[in-house]
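Examining the three-dimensional arrangement
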Amino acid sequence: SSEQASTSTKRNLIVISNRLPLSVKRSEDGSYISSMSSGGLVTSLSGLTKTAEFRWYGWPGMSPKESVEQDEIRRSLAPHNAIPVFLDEELAQKHYNGFSNQILWPILHYQPGVTYDEGKWEAYKKVNEIFADTIAEAAQEEDLIWVHDYHLMLLPELLRERMAKKKRQACIGFSLHTPFPPSESLKVLPVAKDILKGMLSSTLVGFHTEDYRKNFSESCEYLLNARVQDSSILYKDRLVKTGHFTVGIDPDKFNETLKKDDVQARIHDLNERYKDIKVIVGVDRLDYIKGLTQKLHGFEQFLTDYPKWQGKVVLIQVAVPSREDVKEYQELETELSCLVGKINGKFSKPEYSPIIYLHRSIPFTELTALYSIADMCLLTSSRDGMNLVAFEYIACQEQRNGVLALSEFAGASVFMADGTIQFHPANIKEMSQCIHQGLTMSKEERKERYDKLAKFVHTNTSARWGQSFVAELSKRHA
Ligand code: ADP
Ligand code: G6P
């Protein structure tokens, strides 16, 4: 229970992720500006701050050489209990853009054809070592250490080694926020075994779904000859526990924001603007795993298959800029703006454009208002760890009971099968039919589906996710 969990979190908790809740950038006048980071990892961990206290170590997004400047960044992060781990710019870029986002990210999302690069791997190892040195210095034996995501898969092993040298035991949890592929896909990576060994030095390894957990277990069995016993893995005399922990959001944050006067005013204006028009919303980082090209094709197909909807429905797509130094993301951005132009060119009238495309980050209040006024949310990932946008849309739909149309390849589809309309994101015809089904669904059916989804979102919060992981972790090291 959560009560048990909160008593067990009395031990100090150290959270480590590459991304911190705030990302720091240099503005044009040379000063540092920090902004809220986007992405599911930050959303889930920020939700946890309400019920658990922890120190959060990570890369602040940039690393000035001067110590005065580093201090400035340190000070700006301190109120968030966040502690920066500074990395040399070139090293950080090879670790983040290079190995993590160009090599690991596609493999974890089951994508073939990745080009391995020894230099990027070396940088990845080096950054994991720097994190290990920092944490080994900071952690006490009784601390609970919780490592997050694919940027730091070697950290459990490197940290355990360093703690052992200091004759300290270490209680290390690892949570992956992406899918975990079957061993056949993972094997494409020449250093797959090192990655698995790194993770296996944890005490507890957590995944978003049971399928990802199984893929990991089987990979350890096939590639490392580890012995799998139910949900535990025996490797080199250590028993490692694995589990799936359902991540979520903090729905109260959305409810509170919706009550604000300025948000209500904005909702009123947008409702006026779209009085006679149905709104479909999409919010995604601009990432190829989100299936944005397919989404646009699906919407185009829908306008072609059901021409009476032309002029009566609009797709508002927020594409949050992401990993813009990586070639694949730059190419996708060009492709998307071209496609939006093409579809709008085909269906627009002087008083109407079917797609409103926002290629930028929007304020949280605007995001909330947008979720609230939309009749439908369309999410088309080709592969996605969980997809918290699905949760957020539901959290904002108590009044309207809108429809959630979700790709069957998002982790969330496993838990939200009852309530969502699901489709194969590459099946454009099916997507078109689902859009039609969603827009014409009766009020009663919408309510029935919505109630199930809302119950799930309000039960499986980020706080509950964090508490259950930490409770399980501390149980292993009483
Ligand atoms: P991913 O982790 O792949 O980006 P998710 O759907 O799980 O996908 O999480 C995306 C998160 O990013 C959501 O919580 C969403 O609200 C958040 N987000 C989207 N736009 C912004 C923004 N402009 N600023 C901050 N967070 C954002
Ligand atoms: C996904 C990853 C996170 C990452 C987020 C945003 O959710 O699992 O680790 O933080 O995307 O991506 P970024 O590259 O900006 O950190």
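These numbers were taken from a predicted model, which means no experiment stands behind them. (Residues numbered from 1 in each chain as written. Chains lettered and ligands numbered in written order. Predicted model: local features only at pLDDT ≥ 70, side-chain atom pairs only at ≥ 80, totals over all residues.)

Structural notes on the overall build of the protein
Counting its secondary structure elements, the protein contains 19 helices and 17 strands. Its C-alpha atoms give the protein a radius of gyration of 23 Å, within 12% of the compact-globule value 23 Å for 478 residues. The dimensions of the protein, computed from C-alpha atoms along their principal axes, are 70 × 55 × 45 Å. In the protein, which comprises 478 residues, the proportion classed as buried is 47%. In the protein, of all internal contacts separated by at least 6 residues, the share reaching a separation of at least 24 is 79%. (Helix = DSSP H or I, 4+ residues; strand = E, 2+ residues; numbered from the N terminus. Rg over C-alpha atoms; globule rule 2.2 N^0.38 Å. Buried ≥ 20, exposed ≤ 12 C-beta atoms within 10 Å, placed from the backbone. Contact = placed C-beta atoms within 7 Å.)

Considerations on the nonpolar core
Ranked by size, the top nonpolar core spans 131 residues in total, and within it Ile14, Ile135, Ile145, Leu159, Ala390 and Ala405 carry the most contacts. A per-element tally of this core places helix 5 (residues 118–138) first, with 9 residues. With residues near it in sequence (within four places) discarded, Ile135 still touches Ile14, Ile16, Tyr57, Ile145 and Leu159. (Core = buried A, V, L, I, M, F, W, Y, C linked by C-beta atoms within 7 Å.)

Here's the deal with the confidence of the model for the protein
One rule of thumb: low pLDDT means the predicted coordinates there are not for detailed reading. On average, residues of the protein score 95 in pLDDT, and 98% of them reach the 70 mark or higher. Strand 15 (residues 376–379) holds the highest mean pLDDT among the elements of the protein, 99, whereas helix 1 (residues 2–8) holds the lowest, 43. Confidence drops under pLDDT 50 across residues 1–9; counting only partners more than four residues distant or on other chains, this segment forms 14 contacts. Quick note on the complex model: pTM equals 0.96, ipTM equals 0.99. (pLDDT = per-residue confidence, 0-100.)

Quick look at the pairing of strand 6 (residues 144–148)
Sheet faces and side chains relate simply in a regular strand, where the side chains alternate between the two faces. Of all 5 residues that make up strand 6, 5 are buried, and the element is covered over most of its length. Along strand 6, one buried face is formed by Leu144, Trp146 and His148 and the opposite face, lined by Ile145 and Val147, is buried too. The pairing of strand 1 (residues 13–19) with strand 6 spans 4 bridges and is classified as parallel. Note that in strand 6 the partner of Ile16 across the bridge is Val147. With 5 bridges joining them, strand 6 and strand 7 (residues 171–175) adopt parallel strand pairing. Bridging across to strand 7, Trp146 finds its partner in Gly173. (Pairing = 2+ DSSP bridges.)

Things to note about the environment of Asn215
Note on placement: Asn215 falls in helix 9 (residues 210–224). As a C-alpha pair, Asn215 and Pro179 span 36 residues in sequence and 9.3 Å in three-dimensional space. With residues near it in sequence (within four places) discarded, Asn215 still touches Phe180, Pro181 and Pro182.

A look at helix 9
Taking 1.5 Å as the rise per residue, helix 9 with 15 residues should run 21 Å; its terminal C-alpha atoms sit 21 Å apart, in good agreement. Inspection of helix 9 places Tyr212, Arg213, Asn215, Phe216, Ser217, Ser219 and Cys220 among the buried residues, and these make up the whole buried set. If you follow the buried residues of helix 9, they end up packed against helix 7 (183–186), helix 8 (192–200), strand 8 (204–207), strand 9 (227–229), strand 10 (232–235) and strand 11 (238–244). At the C-terminal side of helix 9, Asn225 shows a positive phi close to 60°. (Expected span 1.5 Å × (residues − 1).)

Let's talk about the site of ligand 1
Surrounding ligand 1, one finds 16 residues, the nearest of these being Ser38, Gly40, Thr43, Ser361 and Leu388. Tallied by class, the residues present in the shell around ligand 1 amount to 8 nonpolar, 6 polar and 2 charged. (Near = placed C-beta within 6 Å. Nonpolar A, V, L, I, M, F, W, Y, C, P; charged D, E, K, R; others polar.)

A closer look at the packing of helix 5 against helix 6 (residues 155–165)
Relative orientation of the contacting elements helix 5 and helix 6 amounts to 40°, with a least axis distance of 9 Å. Here helix 5 is positioned oblique relative to helix 6, judged by the angle of their axes. As for the relative orientation of helix 5 and helix 6, their crossing is right-handed in sense. Mapping the contact onto sequence places Asn128, Glu129, Phe131, Ala132, Asp133, Ile135 and Ala136 in helix 5 and Leu155, Leu158, Leu159, Arg162 and Met163 in helix 6. Looking at the contact of helix 5 with helix 6 residue by residue, the class counts come to 8 nonpolar, 1 polar and 3 charged. (Axes fitted to C-alpha atoms, helices over the stretch in contact; angles between N-to-C directions. Parallel < 35°, antiparallel > 145°, perpendicular 65-115°, else oblique. Left-handed = near helix turned anticlockwise from the far one by under 90°.)

Describing unusual backbone geometry
Positioned with a positive phi, Asp230 is a non-glycine residue whose angle comes to about 50°. When the 8 C-beta atoms within 10 Å are taken as the criterion, Asp230 is described as exposed. Unlike most non-glycine residues, Asn401 shows phi in positive territory, near 55°. Turning to its location among the elements, Asn401 is positioned in the loop between helix 15 (389–395) and strand 16 (403–407).

Some details on the pairing of strand 8
Of the two faces of strand 8, the one lined by Leu204 and Gly206 and the one lined by Val205 and Phe207 are each fully buried. As paired elements, strand 7 and strand 8 share 3 bridges and run parallel to each other. Bridge pairing in strand 8 places Phe174 opposite Val205. Pairing geometry for strand 8 and strand 11, over 4 bridges, is parallel. Within strand 11, the position partnered with Phe207 by the bridge is His244.

Regarding the sheet that holds strand 12 (residues 278–285)
A sheet is described by the order of its strands in space; here 6 strands give the open sequence 14-13-12-15-16-17, paired in parallel fashion. Edge positions in the sheet fall to strand 14 (355–358) and strand 17 (421–423), since each of these pairs with one other strand and no more. On average, each strand axis in the sheet is tilted by 20° relative to the strand beside it, whichever way the strands run. In terms of strand pairing, strand 12 meets strand 15 through 2 bridges, oriented parallel. In the strand pairing of strand 15, Ile280 is matched with Met376.

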